[in-house]
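Coordinates in review
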Amino acid sequence: MREPHQIATLRRADRGLPWVGGFFDYQRDPVRLYRRHYDNYGPVAPSYMLGRTSVMLLGPDACGEALQNRDKAFANEPAWSQLVGPFFHGGLMLIDFDVHHGHRRIMQEAFTPARLDGYTRRLHPAIEQGLRGWESGKRFPAHWRLKQLTLDIAADLFMGGARDTGPAEMARVNRAFLACVQAAAGIVRADVPFTRWGRAYRARRVLEGFLRGYLPAKRATRTDDIFSVLCHIETEDGDRFSDDDVINHMIFLMMAAHDTSTITTSTILQYLGQYPQWQERCRAEALALGPAPDRAGLESLTAIDLVMREALRLRAPVPVLVRYTVKDTTVQGVRIPAGTMCAVGIQFTHLMEEYWTNPMVFDPERFAEPRREDRSHRFAWEPFGGGVHKCIGLYFAGLEVKAIMHHLLRRYHWSVDPAYLPPLDHHSLPFPKDGQPIVLLENA
């Protein structure tokens, strides 16, 4: 066995601007930045941003080693805390090892098959209610309208409707979630007015105040929304969440549930508008199924499932995961010392020609038998992460996206210029800066 070698020395040409480093290169085009570093340094590539040297883990082998984390060298909390820690602390993504294991055991009770059945039943009326304000024949920013829709769905399924909360308050909550997510791109990482982090600190207080107002009622009464479930679930050993645990998990889950679902749904909307044959194929499935399918019905939507998987490949809602080494470790024969910030390049892997045929082309059939290009490598397709930190709500997310598309396809048809490329904002989670304008037309 060969001895592990040191991380390559970063070339001056790849170091970027003083202190800022490759920060602006990432915001302009992260995949291009990853490709350059992969070509120059391989799967364990040095990087320099915001005054510190870090490591990019690129390709499914390197990403897989970090996600599997067999020697428990990679931690989430010290990595994510440098980006959004003060705003999503205590969420599953920001806790590690035994604490994470304990919290995940409890939370798994909120995503059992029986509970997913119940959430699915609630999805359809929530979507119908949210779509009532949508007008056909008028150009509107689809991404932002979908974001409001998914937040409304989250309010219903996660909070039991928040029925005494008006549209203005929900809009305030939506802005607060956006501010917390956008904090990841902050350069000044302190509670300083007029900065991303300063806005996010205030936004976190908005979210805590909003949720704590409902907490006593949720503790007092058992209902089938996730907020109530988190207040009452316990393991066979009697482990339960404290009030602070519930609030922390609710803030993180509501962010994850509506931001990532928005990105995936708006991506599907774009590609179905550019590939009408796939839109018609998906619509035929939706019309054949009926207006409010149960969980098994949604899972039977084969064409929509293929399109969703391809959308997740082309535009992963969380394109990069971060980890921090708490002890020395080795990845792909390269020694990574303790105290190293690592970027796990999920999106880059999704676009590697070594594992995908014409990777920049929309081709949902790549996920169908017999091709199954996602099986070209165990970690070729990982939009939900992997290992013990794999997204706990991935099945719910799939049901939500399919349910939204089911209703949109039954009600509307649309087209998108085949040459349209959304101008993506990469400050945090990717979203179209133009709002992804679209015109929906009522089906005949």
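Just so you know, these numbers come straight off a predicted model, no measurement behind them.

1. Some details on the overall build of the protein chain
When you go through the protein chain residue by residue, the secondary structure sums to 19 helices and 14 strands. A compact globule built from 444 residues would reach a C-alpha radius of gyration of about 22 Å, and the protein chain, at 22 Å, matches this within 12%. For the C-alpha atoms alone, the extent of the protein chain along its principal axes is close to 65 × 50 × 45 Å. Residues classed as buried in the protein chain amount to 57% of the 444 residues present. In the protein chain, of all internal contacts separated by at least 6 residues, the share reaching a separation of at least 24 is 72%. Surface exposure of the protein chain reaches about 19200 Å², of which carbon and sulfur atoms provide 54%.

2. Examining the sheet that holds strand 4 (residues 74–75)
The strand order across the open sheet formed by five strands is 2-3-9-6-4, and the pairing between neighbours is mixed. Each end of this open sheet is capped by a strand with a single partner; those strands are strand 2 (44–49) and strand 4. The pairing of strand 3 (residues 52–57) with strand 9 (residues 341–344) spans three bridges and is parallel. Bridge pairing links leucine 57 to valine 344 in strand 9.

3. Concerning the UniProt feature "binding site: heme" (unreviewed entry) in the protein chain
Mapped onto the present numbering, the UniProt feature "binding site: heme" (unreviewed entry) falls at Cys391. The residue cysteine 391 is located in the loop between helix 18 (346–350) and helix 19 (394–411) in this model. The class for cysteine 391 is partly exposed, based on a relative accessible area of 32%. Discounting residues that sit within four places of it in the chain, cysteine 391 has contacts with Arg104 and Phe384.

4. What about the pairing of strand 9?
Here strand 9 shows no split at all, with Met341 and Ala343 on one side and Cys342 and Val344 on the other all buried. Judged from the four bridges that link them, strand 6 (residues 321–325) and strand 9 form a sheet pairing that is antiparallel. Within strand 9, the residue paired with leucine 321 across the bridge is valine 344.

5. A word on the environment of tryptophan 197
You can see tryptophan 197 is positioned in helix 11 (residues 196–212). Placed 14 residues apart in sequence, tryptophan 197 and alanine 183 show a C-alpha to C-alpha distance of 5.3 Å. Ignoring sequence-local partners within four residues, the contact set of tryptophan 197 consists of Ser81, Gln82, Leu83, Pro86, Phe87, Ala183, Gly186, Val188, Arg189 and Ala190.

6. Some words on the pattern of salt bridges
What the rule picks out here adds up to 33 salt bridges. For arginine 122, the salt bridge identified is with aspartate 224, shortest N-O distance 2.4 Å. Of this pair, arginine 122 sits in helix 8 (residues 113–131) while aspartate 224 sits in the loop between helix 12 (215–220) and helix 13 (226–232), and the two are 102 residues apart along the sequence. Measuring nitrogen to oxygen at the nearest pair gives 3.0 Å for the salt bridge that ties aspartate 305 to lysine 402. Residue aspartate 305 is found in helix 17 (residues 302–314), and its partner lysine 402 is found in helix 19; the two are separated by 97 residues along the sequence. Grouping residues by exposure puts aspartate 305 and lysine 402 together as buried. Each member of the salt-bridge network shares a partner with another, and the members are Glu310, Arg313, Asp363, Arg366, Arg371 and Glu373.

7. Some remarks on empty space enclosed by the protein
Tallied over the full model, the rule gives two cavities of 30 Å³ or more. Volume-wise, the largest cavity comes out at about 90 Å³. As for the largest cavity, its lining consists of 13 residues, of which His143, Lys147, Leu178, Asp259 and Phe431 are closest to the centre. Counted by class, the lining of the largest cavity contains seven nonpolar, four polar and two charged residues. If you add up the space inside the second largest cavity, you get close to 40 Å³. In terms of lining residues, the second largest cavity is bounded by Asp14, Gly22, Leu33, Arg36, His37, Ser47, Tyr48 and Met49. Those elements that place two or more of their residues in the lining of the second largest cavity are helix 3 (30–41) and strand 2. Taken together, the residues that form the lining of the second largest cavity break down as three nonpolar, three polar and two charged.

Rules used in this analysis
Residue positions are counted from 1 within each chain, in the order its sequence is given. Selection of residues for local features in this predicted model requires a pLDDT of at least 70, selection of side-chain atom pairs for listing and counting requires 80 or more, and totals for whole chains, interfaces and linings are taken over all residues. Hydrogen atoms and water are omitted, and side-chain values are computed over all heavy atoms in the structure. Going along the chain from the N terminus, every DSSP run of H or I of four or more residues is numbered as a helix, and every run of E of two or more is numbered as a strand. Each radius of gyration reported is based on C-alpha atoms, and the globular scaling rule is 2.2 Å times the count of residues to the power 0.38. Residue burial is assigned from relative accessible area. The probe radius is 1.4 Å, only protein chains are included, and a residue is buried under 20% of its type maximum, exposed over 50%, and partly exposed in between. Contact definition: two residues touch when any of their heavy atoms are within 4.5 Å. Using a 1.4 Å probe, accessible areas were evaluated by the Shrake-Rupley method; residue-level cover was limited to the displayed protein chains. DSSP calls a pair of strands paired once it identifies at least 2 bridges connecting them. UniProt positions are given in the numbering used here, feature names are shortened, and annotations may be inferred rather than shown by experiment. A pair is scored as a salt bridge if a Lys or Arg side-chain nitrogen falls within 4 Å of a carboxyl oxygen belonging to Asp or Glu. Lining residues are defined by having an atom within 4 Å of a point belonging to a cavity or pocket. Those points lie on a 1 Å grid over the protein atoms alone, cavities being sets where a 1.4 Å probe fits but cannot get out and pockets being open sets with protein on both sides within 12 Å along at least five of seven lines. Grid points are joined across faces, edges and corners, and a volume is the space filled by probe spheres set on the points. Only Asp, Glu, Lys and Arg are considered charged in this grouping, and only Ala, Val, Leu, Ile, Met, Phe, Trp, Tyr, Cys and Pro are considered nonpolar; every other residue, Gly among them, is considered polar.

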